[in-house]
Each structure stands twice: as C-alpha cells, then as structure tokens.
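# Coordinate analysis (summary)
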Amino acid sequence: MERASRIGAIFLVSLLTIFTVIALYLGYHHITRYQLLEREAINTAQSQADDAAAQISAAFADLKVIADGLADDLTNGDLAYADIEARMFSIVDERPDLDGLAITFEPFAYDPDLRLFQTYVFQQPDGSFDSLVGATYDYSLSPEESDNATTWYYSVIQDGAQWQEPFFAAGAQKILVEYGVPFYPVGENATSAAPAGIVTIDYTLEDVRDLMQALELGATGHGFVFSAQGTFLTHPVMEFVVNRSVFDLIGENDPLRQAAEQALANQDTFIETIDPITNNPMWYFFEPIEVTGWAVGVVIDPTLFLPDAAQTLRERMTIGLVAAAALFFGAATVFHVDRYRFTDFWWMSVVFSVLCLGLILFAWVQTNRLDRRDGIAINSPTALDRFIESQPVPAIQTGPPVEVPTGILIRAMQFPDPTTVTINGYIWQRYNTDDDTTVRGFSLPQRIGEEATLDEVQREVTNGEEFIVWYVGVTLRQDYDTTGFPFDHRNILVRLAPADLSGNVVLTPDLNAYELLNPRLLPGIDPQASINNWHLVTSGFSYAPDPLTTNIVINDRVAGSTYPELRFDIQAQRAYLGPFIAYLLPGLIATIMTFTYLVSDRKPGEADEIVSVLNYAAALFFVIAVIHTALREQIAAVGITYMENLFILLYLSIIAVAANVFAVARYPHWPIVQYKNNIIPKVLYWPVFAGGMLLATLVIFVY
C-alpha cells in the first residue's frame, strides 16, 4: 500500500509540475504578445497625432508667412499704401482657401486727414472674393471702451504678433481663426517706433476639422484641436467648438488637465484614463502645434488595437483551464489523495467543483465583451469615401453611383415576439436639387405585415439641397441567435434600400447629422428609447452585400451583385437578472434537492425506497419540465440554448440518482454500493454537474 501511495504521490507531483509549466508558458506568451500589440498600437496612434500636429502646424505656418511678409513689405516700403488692395487680391487668387485678409491702420497713419482706414478682402458664400475699404466702426478703442469688440486689433498693437482665439463670424456663418501682426511706418525701426497698423489673416477651421476626421482612430476614437486658452477649435461635438474649453470637461486635479497643460507648454503627452464623454478607459495623445501655440488631442479606444476578442477569449480560457488543472493536482497533492482517505474525496470534489464554477464565471465575463457587429462599420467621412471608392461599379451602370445621405433617429422600440422588432422614429434623406432623375424615398426590405406608418412630415429646399423627413412606424423581421441565452445578444438590423432599384443610387449615412459617432454613445437612438429586459450597447451604420441571391434581373440591377446595402444596426444585450431568477434559481434549487436526496440515508434491500425515489423523481421532473418548456416558448428557441444544458443535466441527475437508489435497494452487495457507504456517486455529483456546465460553456461561448 505504501508503495502504491508513493507512486501516486510522484504521479500527482509530476502532473502538477507539467501543468504549472504549461500555464506559465502560455501566460507569458499571451502577456508578451499583448504588450507587443499594445506598444505597436501606441506607436501608431502617436504617429497619427504627430502627423496631424505637423500638418496643422505647416498649414498655419504658411498663413503666418503670408501675413508676416505683408507686414515686412509695408514696413520697408516695398508695398505702397496705394497698392494694398491689388496686392491682397493677388494673394487670395493664389490662396482661395483663405477666408479673409485685412490691413488696418492706426489713427491718421494711412492719411493725416483720415482718422481710420482699413482694407478688407473677404470670401463670399459662392467662393469669390470682394473687398471692403474704409472703417465701419472705431476699432482703435480699447476692449473696455468697446465691450471687447476690438480685442483682435488692440491686443496685437499692444503685445505684438499673435493668434487670436477662434470666433464665429456672423456674416460668413463660419468659425474662423485669425493671426495678426503689426507693421510700422516706412523706414522706422520696429524696436523703437509705434506700430502703424496690423495685418490680419482669417482662416476657416473646416480644413482642420476635415484633417482630424481623416485620422484612422477606429469607431470609438476621435480627435480635436484646442487653442492656448483651451478653447475647442475642432471637436466631433459641434456645440463644443468655440463655446467650450477642454478644461471645462475635466476637474482641477484630473490627469487630463495636466496632460493638456503640458501640450500647451510644448510637450507631447500620452496618458490612459477615463474619457469624460464616453466614461470608458481611453488613450489620450496630446501634441503641441508650435506655430500657433495650440495643441492636438487624439482619443483612441485601446481595445480596437488589441487581438481579436474571440481569439483572446480562447487564449485566456485555455490558460485558465491549464491553470485550473495545475491547481487541482496541487490540491490533490496537498490533501494526499494517494492515501484514499474518506475526507480527501470530499475535499477534491469541492475543489474541482469550485474550479469549474470559477472558469464558468470567467467565461461569462469575457463573453460579454465580444463585439458582434457584422458588416463594414462606417463612422467617419473618410471611412465612407474609402468604402464607396472600393466598390466595383456594376457592368450595367456607367459612372459612379449617386450618393444619397440618409439618417435615422429611433424614438421607441419593442420586441413584439422573438423574431421581430417594432421601431418608431424618423428617417431623412438629402438630395441634390439639380438631380431630377433619382426617385425620392427608400424601402425597408425587412418590413412585414400590412400595418405600417411611412408619413412624410417635412420637405424643404435650401442651398441647392432637398431635405425630406419621414415618420416611420414599422415591424421588421429579424434573425436572432438565442444559443447563448441568457447571455445572448441581439443585433437589431434596419436595412435601408433605395426606393428605385433601377437607379444607380447608393444610400450613405448622413454623418454630419450626428455629433459624435461613437457606437457606445448610441448615435441615432433617442436617449429615452429602451427595451424592457434589454440593455442597448452600441449603434451605428454599416454596409453589407445585398443579400439577393437569385439569377434574375430586377429592373436594371443585377441581383446577387456586391452592391452595398446600408444598414443601421443596434447591439442589445439581455438583462440576465430576470432569466436567472426565473430559470437558473429554480434549476439550482432542484439540483440541491436532488443532491440532498442522494446523500440522505438509504436502507439497503428495502423495496419502499424504490417507490419513494420514483415518486420524488416524477414530481421533480414535472416541475423542471414545466420551467424548461416555458423557457423555450419565451425565446422561441430552435436549437439547444445555453441555459437548457442546466435542465438537461438535471434530467440526467434525476435518472442517475433514481438508478443509484434502485441499486442500493435491490443490489446492496455491489462493490460500488458497499465502498465507503456508497460514496462514489455522492462525491461525483457536483463535479459531474459543474463539469457538464463548464463543457457546455466552452462549446457554446469559447471553442
């Protein structure tokens, strides 16, 4: 016996060593690969922030060169005052991206008989330039005297060349930024003479905004630019621009404030912290713009650059399984299972069951982090342009398709049954008024039933654009996967197609209608819209191939082509507290009751025991069957769902317990019944049950 015990101990130690080494190796490999990808992601994001800052700096450096050159030519006499307007028009002819250029004189500096004088060349709405000669108000007053209306002039005269804070130009209906530099009387030394006036150059921030939108920041990332005072020059939330400061969103001691201040102090900064807008952990990169004294901020979701979530789940679960095996054999070594003592069996039963439970919980947590969106997500104008350009033009069409910006706002939703969704809200489209061949409207391919509301509620034409809004109330067919119940997700799809299939039309997301296209902020969904027992997780636009699969020709469009179909999809996650109470809790109570009946004292050889166990099993089976049937009816399950594995194991447990009681009553001399008072079925009950649920978890969620 001692020899067998010693061999058993060596075997257990060997298994413990093997599984420990494997777990350490897999863990090290996983962590190092994770860290490598993280470093590469940080470097990529940092590079994008550097490039954005460099491009913005170069763009504004060119503006500074133009204004400084004008000021120098005025000071040294190379530009005569009489030639100012002609010179300014020559500049805007070369730089049509400028919004305005002005030369403003100090009182009596232009002409001793003329107190104030200014020449202002500005861009009109049609892109052409016009000029305004002469002062329309007294700009020479101090800001206190003019209620801050003259800060743009007074501050440059007093403090020298500088970039002004952005402002909204009411006349141009644009957000502009302005650079001002003083010039001096002809032939005078700038260090001793008073300025004769200033040169100012205006630039719209639209190009800066386009540059930030072109960054590859994923679906949840965004970029912004802020001035030396922290004022937002660009931001995905348009109401923040000019009106809000980066410091308004963060507290006094927030690390973000320190990082932003360091960027304005000409230091590049990286920090990982909670984003005040999304409330999720994000990477922040700050880069200074040296020419202007501003800074660029880039916000990126780190999970987008990490390994595929499903692959990560499999790797982590594999590590967890190997580590659990090492812990199990370690416990077996500690408890000296090789000695076959009575208590050792119970300890190992508890250890194995607890390890299985821990792995099940770990799988649940990791599974809920998976992103299940299908198709190609569109979250920025750059992503949209790149997708449209990548699509092959069907042979039957000539030229690129007509793009129709389409938007959606869902005000209410519900699941009338497990295979449909009912939505109420608005869908709108924008058309070019010059295009009179494209049929207005859209279709909803998933629509079922006769009762539906599709009412046009608004139509207006402004600036060559026709804007049409429909109120929509419709039930749409859906295809939900209930396999993971109660940890299942529903991808609610709203498929949008052109009203006329014969036209060369592609519906595109109306991205400008949404402030921040972060899927976690649920763009396109009313904040008060909700579905009972479901959590809305993400929303957004995507494209997927047209699902038509026939060989016929529908009008002029070839069915089954790769023509993209616009989709608005919503990820919803089931609130699993209700199913836990309704199904899991009764199942666990039935499991405990079955175990209690198993470990209760039996009277070997008594026929009454057989009748008792049959009555008990029948009653318990009936209760479980009723709950199980209600579960399948509620979710309209087709295959076997995750929760049903609990009931299947319960059915098997009831049968096994009944068979064990039958063996104890009819065959008390069997070795398995006699061994330590029928201990084997008792100690195996929870390990088999927990192991069965773990196996179901791995099959459904992991592998």
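Residues numbered from 1 in each chain as written. Predicted model: local features only at pLDDT ≥ 70, side-chain atom pairs only at ≥ 80, totals over all residues. Heavy atoms only, no water.

## Focus: the overall build of the protein chain
When helices and strands are tallied, the protein chain shows 13 helices and 24 strands. Scored against the burial criterion, the 703 residues of the protein chain give a buried share of 48%. When contacts within the protein chain are restricted to residue pairs at least 6 apart in sequence, long-range pairs at least 24 apart make up 66% of them. Counting only carbon and sulfur atoms, one obtains 57% of the accessible surface of the protein chain, whose full area is about 34,400 Å². (Helix = DSSP H or I, 4+ residues; strand = E, 2+ residues; numbered from the N terminus. Buried < 20%, exposed > 50% of the residue type's maximum accessible area, 1.4 Å probe, protein only. Contact = heavy atoms within 4.5 Å. Areas by Shrake-Rupley, 256 points an atom, 1.4 Å probe, with all protein chains shown as cover.)

## Topic: the packing of helix α9 (residues 577–599) against helix α11 (residues 644–666)
Their axes nearest at 10 Å, the elements α9 and α11 cross at an angle of 15°. It follows from the interaxial angle that α9 and α11 lie roughly parallel. Crossing handedness for the pair α9 and α11: left-handed. Contact residues: Tyr583, Leu584, Gly587, Ala590, Thr591, Thr594, Tyr597 and Leu598 in α9; Leu646, Phe647, Leu650, Ser653, Ile654, Val657, Asn660 and Val661 in α11. For the contact of α9 with α11, a count of residues per class yields eleven nonpolar, five polar and no charged. (Axes fitted to C-alpha atoms, helices over the stretch in contact; angles between N-to-C directions. Parallel < 35°, antiparallel > 145°, perpendicular 65-115°, else oblique. Left-handed = near helix turned anticlockwise from the far one by under 90°. Nonpolar A, V, L, I, M, F, W, Y, C, P; charged D, E, K, R; others polar.)

## Observations concerning a nonpolar patch on the surface
On the surface, Phe662, Tyr667, Trp670, Ile672, Tyr675, Ile680, Leu684 and Val688 cluster together into a nonpolar patch covering about 700 Å² of accessible area. At three residues, the largest contribution of residues to the nonpolar patch is made by helix α13 (residues 679–702). Turning to its location among the elements, phenylalanine 662 is positioned in helix α11. A relative accessible area of 33% places phenylalanine 662 in the partly exposed class. (Patch = residues over 30% accessible without salt bridge, like charges linked within 9 Å, V, L, I, M, F, W, Y side chains within 5 Å. Salt bridge = Lys/Arg side-chain N within 4 Å of Asp/Glu carboxyl O.)

## Topic: the sheet that holds strand β15 (residues 420–432)
With respect to topology, five strands assemble into an open sheet ordered β17-β18-β15-β14-β20, the strand pairing being mixed. Sheet topology places β17 (453–462) and β20 (505–509) at the edges, where each strand pairs with a single neighbour. Strand-to-strand twist in this sheet, taken as the mean axis angle between neighbours without regard to direction, amounts to 30°. Across 13 bridges, the pairing between β15 and strand β18 (residues 465–477) is antiparallel. The residue bridging valine 421 from the neighbouring strand is leucine 476, located in β18. (Pairing = 2+ DSSP bridges.)

## Here we look at the pattern of salt bridges
Per the stated rule, a full pass over the model turns up 16 salt bridges. For the salt bridge of arginine 411 with aspartate 526, the shortest nitrogen-to-oxygen distance reads 2.6 Å. Within this pair, whereas arginine 411 is found in strand β14 (residues 402–414), its partner aspartate 526 is found in the loop between β20 and β21 (534–545), the two being separated by 115 residues in sequence. The class of arginine 411 is partly exposed, set by a relative accessible area of 39%. Of the charged contacts in the structure, one is a salt bridge between aspartate 488 and arginine 574, with a shortest N-O distance of 2.8 Å. With aspartate 488 in the loop between β18 and β19 (489–498) and arginine 574 in strand β24 (residues 564–574), this pair connects stretches of sequence that are 86 residues apart. Given a relative accessible area of 3%, aspartate 488 falls into the buried group. Taking relative accessible area as the criterion, arginine 574 reaches 7% and is therefore assigned buried. Sharing partners across several salt bridges, the network here consists of Arg440, Glu456, Arg459 and Glu466.

## A look at the sheet that holds β24
Strand order in the open sheet formed by five strands is β13-β21-β24-β19-β16, with antiparallel pairing between adjacent strands. Each having just a single partner strand, β13 (376–378) and β16 (442–443) make up the two edges of the open sheet. As paired elements, β13 and β21 share three bridges and run antiparallel to each other. Each bridged residue has a counterpart across the sheet, and for alanine 377 the counterpart in β21 is serine 542.

## So, the nonpolar core
Generally speaking, a soluble globular protein has its nonpolar side chains buried in company with each other. Phe60, Val199, Val225 and Val296 are the most contacted members of the largest nonpolar core, which totals 49 residues. Counting residues per element, the ones that place at least two in this core are α1 (2–76), α2 (84–94), β1 (98–105), β6 (174–183), β7 (197–204), α4 (206–213), β11 (281–289) and β12 (294–300). In terms of residues, this core owes the most to one element, α1, which gives 14 residues. Leaving out residues up to four positions away in the same chain, valine 199 has contacts with Ala67, Leu70, Ala71, Leu74, Ala102, Ile103, Tyr179, Gly180, Val181 and Phe183. (Core = buried A, V, L, I, M, F, W, Y, C linked by side-chain atoms within 4.5 Å.)

## Focus: the packing of helix α6 (residues 309–334) against α13
Here α6 crosses α13 at 160°, and the two axes come no closer than 11 Å. When the axis of α6 is compared with that of α13, the two are roughly antiparallel. Crossing of α6 over α13 shows left-handed handedness. Along its contact with α6, which presents Leu313, Arg314, Met317 and Leu321, the element α13 presents Leu694, Leu698, Phe701 and Val702. The residue makeup of the contact of α6 with α13, split by class, is seven nonpolar, no polar and one charged.

## Concerning unusual backbone geometry
For the bond running from phenylalanine 485 to proline 486, omega is 10°, close enough to zero to count as cis. Structurally, proline 486 is set in the loop between β18 and β19. Phi is positive for valine 242, close to 70°, though the residue is something other than glycine. Within the secondary structure, valine 242 sits in the loop between β9 (232–234) and α5 (255–264). On the basis of relative accessibility, which here comes to 23%, the residue valine 242 falls in the partly exposed class. Here the phi dihedral of asparagine 533 falls at roughly 70°; this positive angle occurs in a residue that is not glycine. When you line up the elements, asparagine 533 lands in the loop between β20 and β21.

## A closer look at the pairing of β19
Within β19, ten of the ten residues are buried, which leaves it mostly tucked inside the rest of the structure. Taking every second residue as pointing to the same face, both faces of β19 are buried, with His489, Asn491, Leu493, Arg495 and Ala497 on one and Arg490, Ile492, Val494, Leu496 and Pro498 on the other. The sheet contact formed by β16 and β19 spans two bridges and is antiparallel. Residue pairing in the sheet places phenylalanine 442 in a bridge with proline 498 of β19.

## Remarks on the confidence of the model for the protein chain
Put simply, the protein chain has an average pLDDT of 83, and 89% of its residues get 70 or more. Residue range residues 549–562 is modelled with pLDDT below 50. Its contacts to residues more than four positions away, or to other chains, number 22 contacts. (pLDDT = per-residue confidence, 0-100.)

## Concerning the pairing of β1
Every regular strand shows the same layout, with side chains that alternate between the two sheet faces. In terms of burial, β1 is a largely internal element, eight of the eight residues being buried. Strand direction decides the pairing type here: β1 and β7, joined by seven bridges, are antiparallel. By the bridge assignment, alanine 102 is partnered in β7 with threonine 200. With five bridges connecting them, β1 and strand β2 (residues 118–123) associate as antiparallel partners. Within β2, the residue paired with alanine 102 across the bridge is tyrosine 120.

## Observations concerning α2
The set of residues buried in α2 consists of Ile84, Met88, Ile91 and Val92. Down the axis of α2, the sector holding all buried residues measures 95°, keeping them to one side. In α2, the exposed positions angled more than 90 degrees off the buried face are occupied by Ala86, Asp93 and Glu94. (Arc of directions from axis to C-beta.)

## As for the environment of proline 288
Turning to its location among the elements, proline 288 is positioned in strand β11. In sequence terms proline 288 and alanine 263 are 25 residues apart; their C-alpha atoms lie 5.0 Å from each other. When near neighbours in sequence (up to four residues on either side) are disregarded, proline 288 contacts Ala53, Ala263, Asn266, Gln267, Asp268, Trp294 and Ala295.

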